[in-house]
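A look at the structure
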Amino acid sequence: QKEVEQDPGPLSVPEGAIVSLNCTYSNSAFQYFMWYRQYSRKGPELLMYTYSSGNKEDGRFTAQVDKSSKYISLFIRDSQPSDSATYLCAMSEGYGGSQGNLIFGKGTKLSVKP
Amino acid sequence: DTAVSQTPKYLVTQMGNDKSIKCEQNLGHDTMYWYKQDSKKFLKIMFSYNNKELIINETVPNRFSPKSPDKAHLNLHINSLELGDSAVYFCASSRGPGVVYGYTFGSGTRLTVV
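All values reported here derive from a predicted model rather than from experimental measurement. (Residues numbered from 1 in each chain as written. Chains lettered and ligands numbered in written order. Predicted model: local features only at pLDDT ≥ 70, side-chain atom pairs only at ≥ 80, totals over all residues. Heavy atoms only, no water.)

Some words on the pattern of salt bridges
Residue and element names in this part refer to chain B.
- Applying the stated rule across the entire model yields 6 salt bridges over all chains.
- Note that D30 is salt-bridged to K71, the shortest N-O span being 2.6 Å. Of this pair, D30 sits in the loop between β3 (19-25) and β4 (31-37) while K71 is found in the loop between β7 (64-70) and β8 (73-78), placing the two residues 41 residues apart along the sequence.
- With relative accessibility at 25%, the residue D30 sits in the partly exposed group.
- Among the ionic pairs, E82 bridges to R63, the shortest N-O distance being 3.5 Å. In this pair, E82 sits in the loop between β8 and β9 (87-94) while R63 sits in the loop between β6 (53-57) and β7, placing the two residues 19 residues apart along the sequence.
- Looking at E82, the relative accessible area reads 41%, which means it is partly exposed.
- With a relative accessible area of 13%, R63 lands in the buried category.
- Through salt bridges with shared partners, a single ionic network connects R63, E82 and D85. (Salt bridge = Lys/Arg side-chain N within 4 Å of Asp/Glu carboxyl O. Helix = DSSP H or I, 4+ residues; strand = E, 2+ residues; numbered from the N terminus. Buried < 20%, exposed > 50% of the residue type's maximum accessible area, 1.4 Å probe, protein only.)

Structure below.
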């Protein structure tokens, strides 16, 4: 599955650091971009959702989409040990039906050390 | 109150057996999904049901058969299990068939075929 590439890590940072997580993709038809967080032995949970290019901020989390470069990022400010999890990017061409099929990256495992 | 619950959490079985995984959601969502997360951690959609009707059926072996008795339940039956079926299977639900609603995932069923 090469449509979405994501460095699996692991990524280890000290508490309070700014974390940058990234995905690249090849399908220029992708329009909807999401970040999911998955704790160990749990299902993924939706963190952020963006449509097309641009930035979106929610508390300590900022999602960026650069469609011209086919590159999306998730920034975590003031990282906390509770942020330790696997972060998966996901994207789709359309809103629903078969076009709404979410394509996931492999996930980046993040560890925030106290 | 668990929003999306799957049973069993763990399943170890021999090749050739038939097994079922059950999923129930109490969120009042209209759409339910089955995802497979393989050993390489890729999450890939298998099936999607909206109001008990199949709307996404990705290329999976016909040994896998989903059944939705009502919109709160989506079960997965697997015939003639093979070693390659070993994975974590996640059930998910959303308010509608659009990705923008975000999915609520269950905690997964870890299937090991020996």
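Overview of the nonpolar core
- If you look at the biggest cluster of nonpolar residues, it comprises 25 residues, and the most contacted ones within it are A:V4, A:W35, A:I72, A:L74, A:Y87 and A:M91.
- Those elements that place two or more of their residues in this core are β3 (19-25), β4 (32-38), β5 (45-51), β7 (61-66), β8 (71-76), β9 (85-92) and β11 (108-113) of chain A.
- In contact with A:I72, not counting residues within four places along its chain, are A:L21, A:N22, A:C23, A:Y25, A:F33, A:W35, A:Q64, A:V65, A:C89 and A:M91.
- Grouped together as the second largest cluster of nonpolar side chains are 19 residues, B:F64, B:I78, B:Y89 and B:C91 included. (Core = buried A, V, L, I, M, F, W, Y, C linked by side-chain atoms within 4.5 Å. Contact = heavy atoms within 4.5 Å.)

Some details on the sheet that holds strand β1 (residues 4-5) of chain A
Residue and element names in this part refer to chain A.
- Pairing in this open sheet of 5 strands is antiparallel, and the strands run β1-β3-β8-β7-β6 from one edge to the other. Either end of the sheet is taken by a strand with one partner, and the two such strands are β1 and β6 (54-58).
- Direction of pairing for β3 relative to β8: antiparallel, over a ladder of 6 bridges. Paired with N22 across the bridge in β8 is S73. (Pairing = 2+ DSSP bridges.)

Considering the environment of A:K113
Residues and elements named next belong to chain A.
- Considering the arrangement of structural elements, one finds K113 in strand β11.
- Using a relative accessible area of 46% as the deciding quantity, one classes K113 as partly exposed.
- Remark: the alpha-carbon pair of K113 and G16, spanning 97 residues in sequence, is separated by 9.2 Å.
- With residues up to four places along the chain from it excluded, the contact list for K113 reads S12, V13, P14 and E15.
- A polar side-chain atom of K113 sits 3.4 Å from a polar atom in the side chain of S111. (Polar contact = N/O pair within 3.5 Å; in protein donor to acceptor, adjacent residues only side chain to side chain.)

A word on unusual backbone geometry
Residue and element names in this part refer to chain A.
- Cis geometry is found at the peptide bond from G9 to P10, where omega equals 10 degrees.
- Tracing the chain through its elements places P10 in the loop between β1 and β2 (11-14).
- Phi at S52 is positive, roughly 60 degrees, even though this residue is not glycine.
- Along the chain, the position of S52 falls in the loop between β5 and β6.
- The class of S52 is partly exposed, set by a relative accessible area of 24%.
- Positive phi values are uncommon outside glycine, yet D78 reaches one of about 45 degrees.
- Following the sequence through the fold, D78 ends up in the loop between β8 and β9.

Overview of the sheet that holds β7(B)
Residues and elements named next belong to chain B.
- Ordered in space as β1-β3-β8-β7, the 4 strands form an open sheet in which the pairing is antiparallel. Looking at which strands have only one partner, the edges of the open sheet turn out to be β1 (4-7) and β7. Across the sheet, the mean angle from the axis of one strand to that of its neighbour is 20 degrees, orientation sign disregarded.
- With 5 bridges joining them, β7 and β8 adopt antiparallel strand pairing. Paired with F64 across the strands is I78, a residue of β8. (Axes fitted to C-alpha atoms, helices over the stretch in contact; angles between N-to-C directions.)

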